[in-house]
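# Survey of secondary and tertiary structure
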Amino acid sequence: VTLYRDPGSPAGLEELLLRLSSEFPDTWIRILYAHPEGVDWSLVDVLRSRDNLCGYLDIPLQHASADILRAMGRPEDPRRVRDFLTQLRRRFPDVAVRSTFMVGFPGETDEHFEELVHLVSELQLDDSAVFVFSPEEGTPAADLEDAVSPSVASERANRLRTVVEEASFGAKQRFVGETLEAVVDVRTDDGWLARHRGQAPDVDGAIFIDDPLPGEVRVGERLSIHIDGADSTDLWGHVVDGA
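We now turn to the structure provided with this report. Since the model is a prediction, treat every value here as computed from it, not as a measurement. (Residues numbered from 1 in each chain as written. Predicted model: local features only at pLDDT ≥ 70, side-chain atom pairs only at ≥ 80, totals over all residues. Heavy atoms only, no water.)

### Re a nonpolar patch on the surface
Together, Leu-32, Tyr-33 and Val-203 line one region of the surface with nonpolar side chains, adding up to about 290 Å² of accessible area. Along the chain, Leu-32 falls in the loop between β1 (29-31) and α2 (41-49). Taking the relative accessible area as the measure of exposure, Leu-32 reaches 42% and is therefore partly exposed. (Patch = residues over 30% accessible without salt bridge, like charges linked within 9 Å, V, L, I, M, F, W, Y side chains within 5 Å. Areas by Shrake-Rupley, 256 points an atom, 1.4 Å probe, with all protein chains shown as cover. Salt bridge = Lys/Arg side-chain N within 4 Å of Asp/Glu carboxyl O. Helix = DSSP H or I, 4+ residues; strand = E, 2+ residues; numbered from the N terminus. Buried < 20%, exposed > 50% of the residue type's maximum accessible area, 1.4 Å probe, protein only.)

Here's what the structure looks like:
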């Protein structure tokens, strides 16, 4: 999405976001699948400038090893990405960052994998998904040598998922005790679910609302929810009042 350019003009994603924000002032807008090379401070400044531009970035980092990233055809410098995300949390404490990581790419050694484990633990991202490399016929990666055995790749994925859960748990604790504006999303057998600006549908967790809501509450309504607890995936809390 960060490669977006307005046909016939030099306008990019930042200009598009500002236009959408103005035309749909009551709509929350999130950025999904933003290539690391296209995420910079100008984009962050735009997200911070409008209330309906959510402080949310989905950045598929894929790996921490420069060797593996080059083999994937991704030229980004992992040190730059690490420094940027570290500063991002300091300058924009409310931002939610999710990512995806791949293990078992051809040529991935134990040392490469340990780099990835260290990065995930260090960054404390809000949410992350872990995938195992699967060769796809016709792609350059399908012809690479030094394949990682399925058993080793599976073992690495299971370990990294554990690290991801620990990191996500740590990141979500910052919301406990806070009051968040959230959109009522769906009613389940266990009660209502809502999502705040940092939770995208389908890919992230939700807020479980502890107390019963009045019958007139509708899907899409915004409420203020005091967060009482969090695990590695979801938050839970009680309604304070209408947002």
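### Brief notes about the side chain of Arg-197
Relative to the assigned elements, Arg-197 resides in the loop between β6 (191-196) and β7 (207-209). Its relative accessible area of 18% is what places Arg-197 among the buried residues. Looking at Arg-197, its side chain comes within polar contact range of the side chain of Asp-51, at 3.0 Å. Non-local contacts of Arg-197, meaning those with residues more than four positions away in its chain, are made with Trp-28, Arg-30, Asp-51, Cys-54, Tyr-56 and Glu-181. (Polar contact = N/O pair within 3.5 Å; in protein donor to acceptor, adjacent residues only side chain to side chain. Contact = heavy atoms within 4.5 Å.)

### What to know about α2
Where α2 is concerned, the buried positions are Leu-43, Val-44, Val-46 and Leu-47. Here the buried residues of α2 occupy an arc of 160 degrees about the axis, which is enough to place them on one side. For α2, the elements touching its buried residues are α1 (13-23), β1, β2 (53-58) and α4 (78-91). (Arc of directions from axis to C-beta.)

### Considerations on the sheet that holds strand β3 (residues 96-103)
Strand order in the open sheet made by the 4 strands is β1-β2-β3-β4, with parallel pairing throughout. Each having just a single partner strand, β1 and β4 (127-132) make up the two edges of the open sheet. Ignoring strand direction, the axes of neighbouring strands in this sheet form an average angle of 15 degrees. Helix α6 (residues 150-172) rests against β3 and β4 of the sheet, and its axis sits at about 175 degrees to β4. (Pairing = 2+ DSSP bridges. Axes fitted to C-alpha atoms, helices over the stretch in contact; angles between N-to-C directions.)

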